[in-house]
Amino acid sequence: MQNVNEVKRFAVEIRKETIKCIGKLGVGHIGGALSIVDLLAVLYSGEMNIDPADPKKDDRDMLVVSKGHSGPAVYATLALKGYFPIEMLETLNQPHTNLPSHCDMNRTPGIDMTTGSLGQGSSSAMGIACANRLKGYDNYTYLILGDGEIEEGQVWEAAIFANAKKLTKVIAFVDYNKCQIDDYVQDLCALGDIAKKFESFGWYAQNVEDGNDVEQIAAAIANAKAQNERPSVIVLNTVKGKGYSKIEGTLGSHNMPVDSSMVEEALAELDKQAQEIGE
Amino acid sequence: MNVKVAKEHPMGKKELRKEFCETLISMAEQDNRVVVLDADLMNAAGTKPFRAAFPERTFDCGVQEANMVGVAAGLSSRGFIPFTHTFGPFAARRACDQIFMSCAYAKQNVKVVGSDPGITAALNGGTHMPFEDMGIMSTIPEMTVVEPCDAVSVREVTKLAKETYGTWYIRLHRKEAPVIYEDGTEFEVGKAHLLREGKDVTIIAIGYLVAEALKAAEELEKEGISARVLDMWCLKPLDEEAVLAAASETGAIVTAENHNIRNGLGSAVASVLALHQPVPVEMVGVQDEFGEVGKVPYLAERFKLTAEEIVNKSRKVLARK
């Protein structure tokens, strides 16, 4: 990973662009987008072997954002990395856009898999890992799952499969922000000990206490890479809506109206956060 | 397009799954992008020889139809050409959303093979008897939906699927079937095959009912009725030109399928005719019922999927001309 403060600043920039593009439209999946921003900042700050100038490089590391509704945060990250012009973010969900709510590999440079129907990215990520092994590559396949998403049975089919086929180059993340659409995860469909569940499926599992801390995230990824026996999962304890205090941890932030005054308020708060990051 | 129809139609000596597996192996020998996935039914599919030949390119996923299709999508996204297999109901029903989103919507190149079409599920009974699979698959945009009927068509359609980019649903009868085609017959996406010329009525058949349609045409000939027979092996995209030519040249149509007439061949043909050239149509097929357990001859009688029924419906449609 690059300099920690650089990564933190990158995360702030991603948040700002995410909020701006959702605000431009006036509504969007802001909460679950903001909760994974720190992970995206780490992955795109040297953790992933990628080249924005050559987004289809065959032996690149790949990312499947199975919680496809976090698209806006991913698009902001990709734009800031130079995959496409930053102005394109303003087209989010507008007619003929290449930036739809849910990730689409055929529309957006840098998106490796089409997702949206929850659970499905878990299997396609395993297929990508199988393919890369057949090609003789030792690249990584990263997978981002939502916490509500892992209520889907397909996730656990994929978890069994990954272990059975020894897909050791898979690193999955669970964005455990504790909120799903209708209620808090704990009250609607409690998940128990997520890491232990994966562990019992044969995965190398880690909990990250603060899943919005880039250093903790990077350390867990380093641990995951230090072993080559099992697929890895990293449970990130995150905050939904992280970075914009007004909506942090709220159920309503899943998909909400975001008007220009909220955008201004959020940007001011994020600028302040940026100033507090050291050199 | 070269179509060589066999002079006679005895039961073939080779199981269709054997032809299927040999075709997969031969394709895989020439093209290292071909991979095979199954959901604990390789024995049924007869694909274990493929696994023996290409262990690294075989992914038996266990009883995980949804995951299997998703894994296939991932493999496709990296340039492989996956053939997935499970029984038809578990492909079209259980993995429908995965076929829709991860495969078709994502513009992948996955070939979904669903075996034991309709009454050929036989002793597995109603739970395993898909009369709806082609209907479900046909409703997904850009999908190609096919049902070969004999060894030659299984081989050629499988090869065509491999050569044609896109997500396909291939309905596969696993056991022996009557010989319809001779070697050298060519298959082209969206092109029906004229098996027998006729001027009074056209029988448009698919899959298991193709052989019955030819038998029915023989019977009708004895009554002085000249029946054209088309094998509409490619349900989608449908050969509208052949349907409309049949309508204008014979003026009456009977469809015949081992599938629910709703959202199957009957519905597809009727839609084309209603829009462009209405002529009387009768439909041989399952009349919106669930399947049930039994051997194939019993089930064929039970659901009226027989040459006799095609003859009856032909007489009926002629009376409506």
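Residues numbered from 1 in each chain as written. Chains lettered and ligands numbered in written order. Predicted model: local features only at pLDDT ≥ 70, side-chain atom pairs only at ≥ 80, totals over all residues. Heavy atoms only, no water.

Quick look at the overall build of chain A
Working step 1: Each helix and strand counted, chain A has ten helices and seven strands in total.
Working step 2: For chain A, whose C-alpha radius of gyration is 17 Å, the value lies close to the compact-globule estimate of 19 Å for 279 residues.
Working step 3: Taking the principal axes of the C-alpha coordinates as reference, chain A spans close to 50 × 45 × 40 Å.
Working step 4: Counting over 279 residues, chain A shows a buried share of 57%.
Working step 5: Here the analysis covers contacts within chain A between residues at least 6 apart in sequence; of these, 74% occur between residues at least 24 apart.
Working step 6: For chain A, the accessible area works out to roughly 10,500 Å², and carbon and sulfur atoms hold 47% of it. (Helix = DSSP H or I, 4+ residues; strand = E, 2+ residues; numbered from the N terminus. Rg over C-alpha atoms; globule rule 2.2 N^0.38 Å. Buried < 20%, exposed > 50% of the residue type's maximum accessible area, 1.4 Å probe, protein only. Contact = heavy atoms within 4.5 Å. Areas by Shrake-Rupley, 256 points an atom, 1.4 Å probe, with all protein chains shown as cover.)

Comments concerning the overall build of chain B
Working step 1: Within chain B one finds 13 helices and twelve strands.
Working step 2: Taken over the C-alpha trace, chain B has a radius of gyration of 19 Å; the compact-globule value for 321 residues is 20 Å, and the two agree within 12%.
Working step 3: Here the C-alpha coordinates of chain B stretch approximately 60 × 40 × 40 Å along the principal axes.
Working step 4: Considering only intrachain contacts with a sequence separation of at least 6, the fraction spanning at least 24 residues in chain B is 79%.
Working step 5: For chain B, the computed accessible surface area is about 12,000 Å², with 52% contributed by carbon and sulfur atoms.

Concerning the interface of chain B and chain A
Working step 1: Of the residues lining the interface, 26 residues belong to chain B; the matching set on chain A comes to 29 residues.
Working step 2: Contact between chain B and chain A buries roughly 2,100 Å² in total, counting both sides, with carbon and sulfur atoms accounting for 58%.
Working step 3: Its largest share of buried area at the contact with chain A, chain B owes to Asn 67, Arg 78 and Met 101 of chain B, together 32% of the area lost on that side.
Working step 4: Measuring nitrogen to oxygen at the nearest pair gives 3.3 Å for the salt bridge that ties Asp 58 of chain A to Arg 78 of chain B.
Working step 5: Elements supplying a minimum of two residues to the side of chain B that touches chain A: strand E2 (58-60), helix H4 (65-77) and helix H6 (96-105) of chain B.
Working step 6: The element best represented in the side of chain B that touches chain A is H4 of chain B, accounting for nine residues. (Buried area = accessible area lost by both parts, 1.4 Å probe. Salt bridge = Lys/Arg side-chain N within 4 Å of Asp/Glu carboxyl O.)

Observations concerning helix H11 (residues 265-276) of chain B
All names here are of chain B.
Working step 1: Between its terminal C-alpha atoms H11 stretches 17 Å, which fits the 16 Å expected from twelve residues at 1.5 Å a residue.
Working step 2: Residues Leu 265, Gly 266, Val 269, Val 272 and Leu 273 constitute the buried set of H11. What you see down the axis of H11 is that its buried residues fit within an arc of 140°, all on one side. Away from its buried face, by an angle of more than 90 degrees, H11 presents the exposed residues Ala 274 and Leu 275.
Working step 3: In this structure, the buried residues of H11 make contact with strand E8 (201-205), strand E10 (234-236), helix H10 (240-250), strand E11 (253-260) and strand E12 (281-286). (Expected span 1.5 Å × (residues − 1). Arc of directions from axis to C-beta.)

As for the confidence of the model for chain B
All names here are of chain B.
Working step 1: The predicted model of chain B averages 98 in pLDDT, with 100% of residues at 70 or higher.
Working step 2: Within chain B, the lowest mean pLDDT, 97, falls on helix H2 (residues 42-45), and the highest, 99, falls on E8.
Working step 3: The ipTM, which scores confidence in the relative placement of chains, is 0.96 for this predicted complex, and the corresponding pTM is 0.97. (pLDDT = per-residue confidence, 0-100.)

Digging into the pattern of salt bridges
Working definition: two side chains of opposite charge can pair if their charged atoms are close together.
Working step 1: Applying the stated criterion across every chain yields a total of 46 salt bridges over all chains.
Working step 2: With a closest N to O distance of 3.1 Å, Asp 58 of chain A and Lys 135 of chain A form a salt bridge. In this pair, Asp 58 of chain A sits in the loop between helix H3 (37-47) and strand E2 (62-65) while Lys 135 of chain A sits in the loop between helix H5 (120-134) and strand E3 (141-146), placing the two residues 77 residues apart along the sequence.
Working step 3: The exposure class assigned to Lys 135 of chain A is partly exposed, which follows from its relative accessible area of 28%.
Working step 4: Here Arg 155 of chain B ties to Asp 183 of chain B by a salt bridge, and the two come within 2.7 Å at their closest N and O atoms. You can see Arg 155 of chain B sitting in helix H8 (residues 151-163) and its partner Asp 183 of chain B sitting in the loop between strand E6 (168-172) and strand E7 (193-196), a full 28 residues away along the chain.
Working step 5: Connected via shared salt-bridge partners are Lys 14, Lys 18, Glu 19, Glu 22, Arg 155, Glu 156, Lys 159 and Asp 183 of chain B.

Considering the packing of H4 of chain B against H6 of chain B
Residue and element names in this part refer to chain B.
Working step 1: Where H4 contacts H6, the axes come no closer than 9 Å and their chain directions differ by 10°. On the basis of their axis angle, the class for H4 and H6 is roughly parallel. Across the interface between the two elements, Ala 66, Val 69 and Ala 73 of H4 pack against Gln 98, Ile 99, Ser 102 and Cys 103 of H6.
Working step 2: For the contact of H4 with H6, the per-class residue count stands at five nonpolar, two polar and no charged. (Axes fitted to C-alpha atoms, helices over the stretch in contact; angles between N-to-C directions. Parallel < 35°, antiparallel > 145°, perpendicular 65-115°, else oblique. Nonpolar A, V, L, I, M, F, W, Y, C, P; charged D, E, K, R; others polar.)

What to know about the domain arrangement of chain B
Residues and elements named next belong to chain B.
Working step 1: Under the domain assignment used here, chain B contains domain 1 (16-172) and domain 2 (193-319).
Working step 2: If you average the C-alpha positions of domain 1 and of domain 2, the two centres end up 26 Å apart.
Working step 3: On the domain 2 side, the residues contacting the 29 residues of domain 1 number 27 residues.
Working step 4: Across the interface of domain 1 and domain 2, roughly 2,100 Å² is buried in total on both sides, 67% from carbon and sulfur atoms.
Working step 5: The largest contributions to the domain 1 side of the interface with domain 2 come from Ile 119, Phe 131 and Glu 147, which together make up 35% of the buried area.
Working step 6: If you look at where domain 1 meets domain 2, you find zero salt bridges. (Domains from an automatic or database assignment.)

Comments concerning the nonpolar core
Within soluble globular proteins, side chains that are nonpolar tend to cluster in buried spots.
Working step 1: Tyr 44, Met 126, Phe 173 and Phe 198 of chain A together with Ile 253 of chain B are the most contacted members of the largest nonpolar core, which has 139 residues in total.
Working step 2: With eight residues, the top contributor of residues to this core is helix H1 (residues 4-25) of chain A.
Working step 3: Apart from residues no more than four positions distant in its own chain, Tyr 44 of chain A is found in contact with Phe 10, Ile 50, Leu 63, Thr 77, Leu 78, Lys 81, Tyr 83 and Gly 110 of chain A.
Working step 4: Met 129, Val 254, Ile 310 and Val 317 of chain B belong to the second-largest nonpolar core, a separate cluster that totals 63 residues. (Core = buried A, V, L, I, M, F, W, Y, C linked by side-chain atoms within 4.5 Å.)

Description of the pairing of E8 of chain B
Residue and element names in this part refer to chain B.
Working step 1: Taken across its five residues, E8 has five buried, putting it largely inside the fold.
Working step 2: In terms of strand pairing, E8 meets strand E9 (residues 227-231) through five bridges, oriented parallel. By the bridge assignment for E9, Thr 202 is matched with Arg 228.
Working step 3: Tracing the backbone out of E8, into helix H9 (residues 209-222) and back to the parallel element E9 gives a crossover that is right-handed.
Working step 4: Relative to E11, E8 runs parallel, the two being bridged by four bridges. In the strand pairing of E11, Ile 204 is matched with Thr 255. (Pairing = 2+ DSSP bridges. Right-handed = clockwise from strand over helix to strand, strands pointing away.)

Regarding the sheet that holds E3 of chain A
Residues and elements named next belong to chain A.
Working step 1: Within the open sheet, the five strands sit side by side as E2-E3-E4-E6-E5. Their pairing is parallel. Two strands close off the open sheet at either side, each with one partner strand: E2 and strand E5 (204-208). Recorded for the sheet is a direction-independent mean angle of 15° between the axes of neighbouring strands.
Working step 2: By the bridge criterion, five bridges tie E5 to strand E6 (residues 232-237) in an arrangement that is parallel. If you follow Ala 205 over to E6, its bridge partner there is Val 233.
Working step 3: The strands touched by H3 are E2, E3, strand E4 (170-176) and E6; relative to E3, the strand with the most contacts, the crossing angle is about 175°.
Working step 4: Set on the sheet, H5 makes contact with E2, E3 and E4; between it and E3 the angle comes to about 175°.

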